Protein chains: 2
Amino acid sequence: MSDLTLYVDAPYTSPWAMSVFVALTEKHLPFKLITVDLEKGEQRDIPSLTYRVPTLVHGHFSLTESSAITEYLEDLFPEHAMYPKDTENRARARQIQSWIRSDLLILRQERSTIVVFYEPTTTPLSAQAQVAVQKLFKVAEELLSHGGEHIFAEWSLVDLDLTIMLNRLLLNGDDVPPRLAAYARRQWQRPSVQAWLNLLPTQLGD
Amino acid sequence: MSDLTLYVDAPYTSPWAMSVFVALTEKHLPFKLITVDLEKGEQRDIPSLTYRVPTLVHGHFSLTESSAITEYLEDLFPEHAMYPKDTENRARARQIQSWIRSDLLILRQERSTIVVFYEPTTTPLSAQAQVAVQKLFKVAEELLSHGGEHIFAEWSLVDLDLTIMLNRLLLNGDDVPPRLAAYARRQWQRPSVQAWLNLLPTQLGD
Ligand SMILES: [Ca+2]
Ligand SMILES: [Ca+2]
Ligand SMILES: [Ca+2]
Ligand SMILES: [Ca+2]
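Looking at an unreviewed UniProt entry, one finds chain A named Glutathione S-transferase, with Hydromonas duriensis as its source organism.

So, in structure tokens, the structure goes:
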């Protein structure tokens, strides 16, 4: 059915690599997983235009950038949908994916995914990071204001992106509003998410 | 036909705002343009989930993130296509859009779009930025290795993204390989691009 190889970072701390791993797992697509040691410069060996992880190689076709990869998978393998189908919700999903990849940089720096996947930090959040935290909470509350289990009517890959952002705080012991904490804890139990966590040499946060 | 309002930054230096402006112009869609003074915090007044520019408001629907907005426009108004239609090229287009928005940060910092839209800088590129420049050239050469006028068989919005990146150097007087310089100069003459440049109080680089 498929000839798929996914290149991810060696310590499994890239949320974008995780996103593609979860996408392939949700779609029940078999794939080969190759880890790349970025500190050793092994990304130069990836058959890729831009030498980044994640890279997905599908037969002759090599692709980087997590959101481009997961849209490609959704186009090619529409079964087990990961994005909403109607135009407005699909646009909102793309907005949130892009927003989480480009905004709140200070929060992503002060609460790296080491916190999510390996161990908490004792460094308090700076004033600037606290502003980013309040923006994250405001957007998340608005996206979940309907009271449902997911951002959209069905689970989508955007739920994973938002959950990873919330878990930068939650798994570190930083305060998270109860509804958002309950959402993130529930999302974290999803089997495709647990499949990634089970790759980690040391498992935390599950 | 449409009820479209585009919010852009007041000095017109956001390449992502320019991308949406060019998209609307290419599609011959009438729209209202509103400038937002980010230094005065006017983004708080944008009817938007995340208070960023560009924001597109279409009737009741408000959307941020340039690539989400332009995909939405392509979905709703397919005439005058801005993206390739086949799955692999569409994926490649998404890859490049995302890559240009997330990689080569040091180059985007040392050659800001002030250079592109207003005036050159005399600061030499750091060694780290020069590495980013070489990566940009390598990727651009590979994308244009077919010798054609555009990245894909037809013009796409990705040509604008790549051209803005090259113009951070070219319009500053930094060395750019001849083929890439010729490509960027030709792309810069496109009427939709010139329409943006004509908004600037001081026009440079055309
Ligand atoms: Ca690639
Ligand atoms: Ca587990
Ligand atoms: Ca919005
Ligand atoms: Ca002109």
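Text resumes after the structure shown.
Colleague: Can you tell me about the coordination of the calcium ion (ligand 3), naming the residues and giving the values?
Modeller: Note on the calcium ion (ligand 3): its protein donors are Gln95(A) (NE2) and Leu49(B) (N). The metal-donor distances range over 3.1 Å. Taken as a pair, Gln95(A) in helix H3 (residues 87-102) and Leu49(B) in the loop between strand S2 (32-36) and strand S3 (55-58) lie in two separate chains rather than in one. Accessibility expressed as a relative area gives 1% for Gln95(A), which makes it buried.

Colleague: Can you tell me about the interface of chain B and chain A, naming the residues and giving the values?
Modeller: Facing 32 residues of chain B, the contacting portion of chain A comprises 32 residues. For the chain B and chain A pair, buried surface summed over both sides reaches about 3,000 Å², with 56% attributable to carbon and sulfur atoms. At the boundary of chain B with chain A, the tally comes to 6 salt bridges. Arg94(B) is paired through a salt bridge with Glu71(A); the nearest N and O atoms lie 3.5 Å apart. Elements with a minimum of two residues in the side of chain B that touches chain A: strand S4 (61-64), helix H2 (66-76), helix H3 (87-102) and helix H6 (127-143) of chain B. Looking at the side of chain B that touches chain A residue by residue, the class counts come to 11 nonpolar, 10 polar and 11 charged.

Colleague: Give a detailed account of the sheet that holds strand S4 (residues 61-64) of chain A, specifying residues and quantitative values.
Modeller: All names here are of chain A. Strands sit in the order S2-S1-S3-S4 across an open sheet of 4 strands; the sheet is mixed. Unpaired on one side and paired on the other, strand S2 (32-36) and S4 mark the two borders of the sheet. For this sheet, the mean angle separating the axes of adjacent strands, direction not counted, is 20°. In the sheet, strand S1 (residues 4-9) pairs with strand S3 (residues 55-58) via 4 bridges, with the strands oriented antiparallel. Looking at S3, one finds that Leu4 is bridged to His58. Across the sheet, helix H2 (residues 66-76) lies against S3 and S4, angled at about 135° from S4, the strand it touches most.

Colleague: Before we move on, can you summarise the relation of the copies chain B and chain A with the specific residues and values?
Modeller: The two copies are related by a screw operation: chain B maps onto chain A through 180° of rotation and 0.0 Å of translation along the axis, at an RMSD of 0.0 Å. As the rotation angle and translation indicate, the two copies are arranged about a two-fold axis. In terms of proximity to the rotation axis, the leading residue of chain B is Ser102(B), whose C-alpha is 3.6 Å off the axis. In this assembly the copies share their binding face: 100% of the residues contributing to the interface of chain B also contribute to that of chain A.

Colleague: Please give an account of the domain arrangement of chain A that cites residues and values.
Modeller: It is common to give the size of an interface as the accessible area lost on bringing the parts into contact. Residue and element names in this part refer to chain A. Each assigned domain of chain A is listed with its residue range as follows: domain 1 (4-76) and domain 2 (87-190). Look at where the C-alpha atoms of domain 1 and domain 2 centre, and you get two points 22 Å apart. Contact with domain 1, which involves 16 residues of that partner, is made by 17 residues of domain 2. With both sides pooled, the region where domain 1 packs onto domain 2 buries about 1,400 Å², and carbon together with sulfur makes up 60% of that total. For Glu71, the salt bridge identified is with Arg90, shortest N-O distance 3.0 Å. Along the contact surface separating domain 1 from domain 2 lie 6 residue pairs in polar contact (both at pLDDT 80 or more). Sorting elements by how many residues they give to the side of domain 1 that touches domain 2 places helix H1 (residues 15-26) first, with 7 residues.

Colleague: Go over the sheet that holds S3(B), please, and point to the residues and values.
Modeller: All names here are of chain B. Across the sheet, which stays open at both edges, the 4 strands sit in the order S2-S1-S3-S4 with mixed pairing between neighbours. Edge positions in the sheet fall to S2 and S4, since each of these pairs with one other strand and no more. Neighbour-to-neighbour, the strand axes of the sheet open up by a mean angle of 20°, direction not taken into account. Where S3 lies against S4, 4 bridges are found, and the strand directions are antiparallel. Counted as the bridge partner of Leu56 is Leu63 from S4. Contacts from helix H1 (residues 15-26) reach strand S1 (4-9), S2 and S3, with the element oriented near 150° to S1. Along the sheet, H2 makes contact with S3 and S4, crossing S4 at roughly 130°.

Colleague: If you had to explain unusual backbone geometry to someone new, which residues and values would you point to?
Modeller: With an omega dihedral of -5°, the bond running from Val53(A) to Pro54(A) counts as a cis peptide bond. Summarising the element assignment, Pro54(A) is placed in the loop between S2 and S3. At His28(B), a position not held by glycine, the phi torsion is positive, near 55°. Relative to the helices and strands, His28(B) is located in the loop between H1 and S2. Positive phi, normally seen in glycine, also occurs at Tyr51(B), with a value near 55°.

Colleague: Hey, could you go over the UniProt feature "domain: GST N-terminal" (unreviewed entry) in chain A for me, with residue numbers and the actual values?
Modeller: Mapped onto the present numbering, the UniProt feature "domain: GST N-terminal" (unreviewed entry) falls at residues 4-81 of chain A. Within residues 4-81 of chain A, the helical portion is 29% and the strand portion 24%, while the C-alpha atoms at the span's ends are 18 Å from each other.

Colleague: Describe H6(B), with residues and values.
Modeller: Here H6(B) spans 25 Å end to end across 17 residues, near enough to the 24 Å set by a 1.5 Å rise per residue. Here the buried face of H6(B) lies against H3, helix H4 (105-110), helix H7 (157-170) and helix H8 (178-188) of chain B.

Procedures and definitions
- Residues numbered from 1 in each chain as written.
- Chains lettered and ligands numbered in written order.
- Predicted model: local features only at pLDDT ≥ 70, side-chain atom pairs only at ≥ 80, totals over all residues.
- Heavy atoms only, no water.
- Donors = N, O, S within 2.8 Å, 3.2 Å for Na, K, Ca; no water.
- Helix = DSSP H or I, 4+ residues; strand = E, 2+ residues; numbered from the N terminus.
- Buried < 20%, exposed > 50% of the residue type's maximum accessible area, 1.4 Å probe, protein only.
- Contact = heavy atoms within 4.5 Å.
- Buried area = accessible area lost by both parts, 1.4 Å probe.
- Salt bridge = Lys/Arg side-chain N within 4 Å of Asp/Glu carboxyl O.
- Nonpolar A, V, L, I, M, F, W, Y, C, P; charged D, E, K, R; others polar.
- Pairing = 2+ DSSP bridges.
- Axes fitted to C-alpha atoms, helices over the stretch in contact; angles between N-to-C directions.
- Least-squares fit on C-alpha atoms with pLDDT ≥ 70 in both.
- Domains from an automatic or database assignment.
- Polar contact = N/O pair within 3.5 Å; in protein donor to acceptor, adjacent residues only side chain to side chain.
- UniProt positions renumbered as here; feature names shortened; annotations may be inferred.
- Expected span 1.5 Å × (residues − 1).

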